[in-house]
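# Examination of the molecular architecture
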Amino acid sequence: MLFLAICRDKPGHLQLRLDTRDTHVAWLKGLGATLKLAGPFLDDAAETMSGSVVVVEAADLGAAKALFAEDPYAKAGLFESVEVKPWRWTFGNPAA
């Protein structure tokens with residue numbers, strides 16, 4: 001099953017995001033086929049990264065939450081909030 005994480009950065013923590021980015025990207029790459037899509041979202045001016053959207057495949061919600069807790073951004077304390085939800089990829093899914 002697929003799970004979507006919406007991760008919102010703490011205000012004023014852009015430098016922490018930048019400092020941790022290489023480790024975060026390496027972690028994402030290490031997920032292999034478990035990772036379905038990922039990327040930062042931007043502030044309202046579309047200029048500054050202010051959070052992340054990540055979709056992974058996991059056995060259940062608990063496994064997905066445990067996986068997202070291993071994100072280097074989460075471990076570094078970047079996120080103000082993380083919402084994890086089951087997700088169905090309906091349109092634009094290359095596997096559909």
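Residues numbered from 1 in each chain as written. Predicted model: local features only at pLDDT ≥ 70, side-chain atom pairs only at ≥ 80, totals over all residues. Heavy atoms only, no water.

### Examining the nonpolar core
In this structure, Phe3, Ala64, Phe68 and Val84 are the most contacted members of the largest nonpolar core, which totals 15 residues. Breaking this core down by element, the ones donating at least two residues are β1 (2-9), α1 (14-30), β3 (49-57), α2 (61-69) and β4 (79-87). Take this core: its biggest share by element is three residues, from β1. (Core = buried A, V, L, I, M, F, W, Y, C linked by side-chain atoms within 4.5 Å. Buried < 20%, exposed > 50% of the residue type's maximum accessible area, 1.4 Å probe, protein only. Helix = DSSP H or I, 4+ residues; strand = E, 2+ residues; numbered from the N terminus.)

### A word on unusual backbone geometry
Positive phi, normally seen in glycine, also occurs at alanine 46, with a value near 60°. Along the chain, alanine 46 falls in the loop between β2 (35-42) and β3. The class of alanine 46 is exposed, set by a relative accessible area of 52%.

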